[in-house]
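Fold and geometry: a report
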Amino acid sequence: MTQTAERPLALIGAGKMGGAMLEGWVKRGADPRSIVVVDPKPAPEMSDLLARHGIGHETALSASCKPGILLLAIKPQLMERVLPTLTPSVLPDTLVLSIAAGTTVATLGSAFGDVPIVRVMPNTPAQVGRGMSVAYANDKVVDEQRREVDLLLSAIGMVAWADAEDQMDAVTAVSGSGPAYVFHLVEALAAAGVKAGLPAELARVIARQTVVGAGELLHQSELDAGTLRENVTSPNGTTAAALSVLMAPDGLGALMEKAVAAATRRSRELAG
Ligand SMILES: NC(=O)C1=CN([C@@H]2O[C@H](COP(=O)(O)OP(=O)(O)OC[C@H]3O[C@@H](n4cnc5c(N)ncnc54)[C@H](O)[C@@H]3O)[C@@H](O)[C@H]2O)C=CC1
Ligand SMILES: O=C(O)[C@@H]1CCC=N1
């Protein structure tokens, strides 16, 4: 991170997502003096992390603090109330980053004026350095600032750039919310194992480890997901029997399409 004690990164909201990003940066050795956390009510684990690493914490951003980067990680519904309180701290060269679902560049611009703004949609695996972040920049963002954002986000996972702001709603639905779908898959697989006759604890352990192992294999392998799926599937075997259900016209594909469409719609609604 290139932020300094004089122009720190101010993290506004150290909850589940802002906290996951912070934890990712701390694990990568970020200089605690270059970060200020603003949260009126951080979770106890977050307060511990801040204390352990000597990261400054305030309940409101002090007027004297002029962050180099202002990272907004509060709920979209709070933006209208909180943004005006931050305006005095934003200088013309402050880079405003927002991870809020739905909150548009126009909304941020109406609070802060003609400043560089980047919307970022991260996800919680950032906490362990395996995040997926997609960024969209307004036309005030210069190449050096794009590199700065790349550097910041690549420290906690992969980074991609969207070239149109309206793509951010579908991005939110796929990668922002996506970890929840995978965690639900673990829950559903374990529940199905119980229905098939397994003790609950054994079903929980094997469902979890199967997703962990498949994710790690996907991570380490050069093969795409379809090929890795085929490698499990013996002709006329057990996997083929299951996939004939999951890949039926009304199977997982159709369900996923409906789920992603619902999340995309909700992201658009949050824009107001
Ligand atoms: N949870 C996730 O997986 C993801 C969340 N997001 C976005 O991140 C944002 C935060 O979501 P979560 O972390 O899940 O919510 P959260 O509720 O866990 O965290 C929000 C934090 O903001 C703090 N806060 C409330 N008022 C504040 C104020 N005036 N100033 C500073 N901090 C304040 C709260 O105390 C809380 O710690 C949302 O806009 C959401 O759309 C984006 C990607 C993924
Ligand atoms: O559920 C939400 O609205 C946020 C945005 C993406 C993940 N969590």
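Predicted, not measured: the structure shown is a model, and the values here were computed from it.

1. A closer look at the UniProt feature "domain: Pyrroline-5-carboxylate reductase dimerisation" (unreviewed entry) in the protein chain
- According to UniProt, the positions carrying the feature "domain: Pyrroline-5-carboxylate reductase dimerisation" (unreviewed entry) are residues 165-270.
- Regarding residues 165-270, the helix share stands at 80% and the strand share at 0%, and the terminal C-alpha atoms are separated by 14 Å.

2. Focus: the domain arrangement of the protein chain
- Here the domain parsing of the protein chain yields domain 1 (9-168) and domain 2 (178-270).
- One C-alpha centre belongs to domain 1, the other to domain 2, and the line joining them spans 32 Å.
- Taken together, the contact pairs six residues of domain 1 with four residues of domain 2.
- Considering only residue class, the side of domain 1 that touches domain 2 consists of three nonpolar, three polar and no charged.

3. As for the environment of P92
- Structurally, P92 is set in the loop between α3 (79-86) and β5 (95-98).
- With 10 C-beta atoms packed within 10 Å, P92 lands in the exposed category.
- Each C-alpha atom, one on P92 and one on D114, is 7.4 Å from the other, the two residues being 22 residues apart in sequence.

4. Regarding the environment of R208
- Position of R208 among the secondary structure elements: in helix α8 (residues 200-220).
- Judged by the 15 C-beta atoms lying within 10 Å of it, R208 is partly exposed.
- Separated by 177 residues in sequence, R208 and D31 have C-alpha atoms that sit 34 Å apart.

5. Some details on the site of ligand 1
- Residues in contact with ligand 1 amount to 26 residues; listed here are only the nearest, G13, G15, M17, A100 and A101.
- The dominant element in the shell around ligand 1, judged by the number of residues it contributes, is helix α1 (residues 16-27), at three residues.

6. A short note on the pairing of strand β6 (residues 117-121)
- The element β6 is extensively covered by neighbouring structure, given that five of its five residues are classed as buried.
- Of the two faces of β6, the one carrying I117, R119 and M121 and the one carrying V118 and V120 are both buried.
- Alignment of β5 against β6, held across three bridges, turns out to be parallel. Considered in β6, the bridge of S98 is made with R119.
- Each parallel crossover has a hand, and the one from β5 via helix α4 (residues 105-112) to β6 is right-handed.
- Pairing of β6 with strand β7 (residues 131-137), which is carried by four bridges, proceeds in the antiparallel orientation. Residue pairing across strands places V118 opposite A137, the latter belonging to β7.

7. As for the site of ligand 2
- Every residue lining ligand 2 is accounted for by A101, T172, G176 and S177.
- Residue classes in the shell around ligand 2 are distributed as one nonpolar, three polar and no charged.

8. Let's talk about the sheet that holds β5
- Read from one edge to the other, the open sheet built from eight strands follows the order β3-β2-β1-β4-β5-β6-β7-β8, with strand pairing classed as mixed. Each edge of the sheet is formed by a strand with only one pairing partner; in this case those strands are β3 (56-58) and β8 (157-161). Direction aside, neighbouring strands of the sheet carry axes that sit 20 degrees apart on average.
- Relative to β8, β7 runs parallel, the two sharing five bridges.

What counts, and at which threshold
Residues numbered from 1 in each chain as written. Chains lettered and ligands numbered in written order. Predicted model: local features only at pLDDT ≥ 70, side-chain atom pairs only at ≥ 80, totals over all residues. UniProt positions renumbered as here; feature names shortened; annotations may be inferred. Helix = DSSP H or I, 4+ residues; strand = E, 2+ residues; numbered from the N terminus. Domains from an automatic or database assignment. Contact = placed C-beta atoms within 7 Å. Nonpolar A, V, L, I, M, F, W, Y, C, P; charged D, E, K, R; others polar. Buried ≥ 20, exposed ≤ 12 C-beta atoms within 10 Å, placed from the backbone. Near = placed C-beta within 6 Å. Pairing = 2+ DSSP bridges. Right-handed = clockwise from strand over helix to strand, strands pointing away. Axes fitted to C-alpha atoms, helices over the stretch in contact; angles between N-to-C directions.

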